[in-house]
Amino acid sequence: MTKQLVVVAAGLGKPSSTRLLADRLADATTRHTDVDVRVIELRELANDIAQNMVTGFPSPRLRDAIEAVTSADGLIAVTPVFTGSYSGLFKSFFDVVDKDALAGMPVLIAATGGTARHSLVLEHAMRPLFAYLRAVVVPTAVYAASEDWASGGDGALAARVDRAAGELAALLGARPDRPASSAGGIPGERAAADDMEVVPFAQQLAALAVDK
């Protein structure tokens, strides 16, 4: 069965460097393994997310996006950097996802910003967020500053993208197919998944030994 990969992009512009990086990561992952990719742009769900934050009830299209993320086999999460951290829109989306819905899910984290000095957002903000959600975050995180899109820096960015994608593909390959009953992820509505097979952490680490 083909694995399902969901990409969450929190860019606000159209086009945006955040979406561009998200697409590069998704394309690189498809070169390493066979996956079906769905991209969710949070800018299109901003009003729905805000309404859910104050009412506790998701709109139909926000519910669809949440269920797509929580029923996926893997996730790529990309945010722009605002004031030294992930964007409020990015955080708000994951705040309305059930805190247990991403447990064990392979996640590749990435961010974009105007300068390389913001790259630590990956380690001091994004990685702890997904660690709290008990996701399995791949070792290589990808940050793209403005200069990385120039011809001189693109080679280094491409290498980081490919390495991170290879690590994600390895974890996807080691992950068992998720039963349909595991779909869910909205607080209070997550379906029971006690029969879901758990991959030992040592096996997941072994899967990261990607041949180069």
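Here the structure is a predicted model, which means the values were calculated and not measured. (Residues numbered from 1 in each chain as written. Predicted model: local features only at pLDDT ≥ 70, side-chain atom pairs only at ≥ 80, totals over all residues. Heavy atoms only, no water.)

Enquirer: I would appreciate a short explanation of the overall build of the chain in the present structure.
Expert: In terms of helices and strands, the chain carries 7 helices and 7 strands. Put simply, the chain runs from its N terminus to its C terminus through helices and strands in the order β-α-β-α-α-β-β-α-β-α-β-β-α-α. Taking all 212 residues of the chain together, 50% fall into the buried category. Sequence-distant contacts, at least 24 apart, represent 79% of the contacts inside the chain between residues at least 6 apart. (Helix = DSSP H or I, 4+ residues; strand = E, 2+ residues; numbered from the N terminus. Buried < 20%, exposed > 50% of the residue type's maximum accessible area, 1.4 Å probe, protein only. Contact = heavy atoms within 4.5 Å.)

Enquirer: Would you take a moment to explain the nonpolar core for this structure?
Expert: Soluble, globular proteins show a tendency: their nonpolar side chains are buried together. In this structure, Leu42, Leu75, Phe90, Phe93, Phe94 and Phe130 are the most contacted members of the largest nonpolar core, which totals 42 residues. Going through the elements one at a time, strand E1 (3-9), helix H3 (60-70), strand E3 (74-82), helix H4 (88-95), strand E5 (106-113), helix H5 (121-132) and strand E7 (142-145) are the ones with two or more residues in this core. Ranked by residue count, the leading element in this core is H5, at 6 residues. Dropping the residues within four chain positions of it, Phe94 is found in contact with Val8, Leu75, Ala77, Leu102, Phe130 and Leu133. The next biggest cluster of nonpolar side chains, apart from the first, holds 24 residues, and it includes Leu108, Ala144, Val161 and Leu172. (Core = buried A, V, L, I, M, F, W, Y, C linked by side-chain atoms within 4.5 Å.)

Enquirer: Can you help me understand the environment of Ala22 in this one?
Expert: Here Ala22 lies in helix H1 (residues 17-32). Accessibility expressed as a relative area gives 0% for Ala22, which makes it buried. Excluding residues within four positions of it along the chain, Ala22 makes contact with Val7, Ala9 and Val78.

Enquirer: I would appreciate a short explanation of H5 in the present structure.
Expert: Count 3.6 residues to each turn of an α-helix, and residues three or four apart come out pointing the same way. Spanning 12 residues, H5 covers 16 Å between terminal C-alpha atoms, matching the ideal 16 Å at 1.5 Å per step. Within the sequence span of H5, burial applies to Val121, Leu122, Ala125, Met126, Arg127, Leu129 and Phe130. Buried-residue contacts for H5 involve E3, strand E4 (85-86), H4, E5, strand E6 (136-137) and E7. Of the residues flanking the end of H5, it is Arg134, one or two places downstream, whose phi is positive at about 60 degrees. (Expected span 1.5 Å × (residues − 1).)

Enquirer: Where do I start with the packing of H4 against H5 in this structure?
Expert: To describe two helices that pack against each other, one gives the angle between their axes and the distance between the axes. One can describe the packing of H4 onto H5 by two numbers: an axis separation of 12 Å at closest approach and a directional angle of 5 degrees. By the angle between their axes, H4 is roughly parallel relative to H5. Of H5, the residues touching H4 (which contributes Phe90, Lys91 and Phe94) are Met126, Leu129 and Phe130. Classifying every residue of the contact of H4 with H5 gives 5 nonpolar, no polar and 1 charged. (Axes fitted to C-alpha atoms, helices over the stretch in contact; angles between N-to-C directions. Parallel < 35°, antiparallel > 145°, perpendicular 65-115°, else oblique. Nonpolar A, V, L, I, M, F, W, Y, C, P; charged D, E, K, R; others polar.)

Enquirer: Can you walk me through the packing of aromatic side chains in this structure?
Expert: One pair of aromatic rings is described through two measures. These are the centre distance and the angle between the planes. Scanning the entire structure with this criterion turns up 5 aromatic pairs. Ring centres of Tyr86 and Phe90 lie 5.9 Å apart, and the angle between their planes is 35 degrees; on these two criteria the pair is classed as tilted. The class for Phe90 is buried, based on a relative accessible area of 0%. Relative to Phe94, the ring of Phe90 lies with its centre 5.0 Å away and its plane at 55 degrees, an arrangement referred to as tilted. Note that Phe90 and Phe94 are positioned in helix H4 at a spacing of 4 residues, about one turn of the helix. As far as burial versus exposure is concerned, Phe90 and Phe94 are alike and both buried. Among the aromatic residues, those joined into a ring-pair cluster are Tyr86, Phe90, Phe93, Phe94 and Phe130. (Phe/Tyr/Trp six-rings, centres within 6.5 Å; stacked < 30°, edge-to-face > 60°.)

Enquirer: When you look at the confidence of the model for the chain in this model, what are you seeing that I'm missing?
Expert: The predicted model of the chain has a mean per-residue pLDDT of 87, with 83% of residues at 70 or higher. A low-confidence stretch, residues 191-196 stays under pLDDT 50, and its non-local contacts, those more than four residues away or across chains, total 9 contacts. (pLDDT = per-residue confidence, 0-100.)

Enquirer: Can you walk me through the packing of helix H2 (residues 46-55) against H4 in this structure?
Expert: Direction vectors running N to C along H2 and H4 enclose 55 degrees, while the axes themselves pass 10 Å from each other. Judged by the angle between their axes, H2 and H4 are oblique. As for how H2 packs across H4, the hand of that crossing is left-handed. Taking contact as the criterion, the partners of Ala46, Ile49 and Met53 in H2 are, on H4, Leu89, Ser92, Phe93 and Asp95. Residue composition of the contact of H2 with H4, by class: 5 nonpolar, 1 polar and 1 charged. (Left-handed = near helix turned anticlockwise from the far one by under 90°.)

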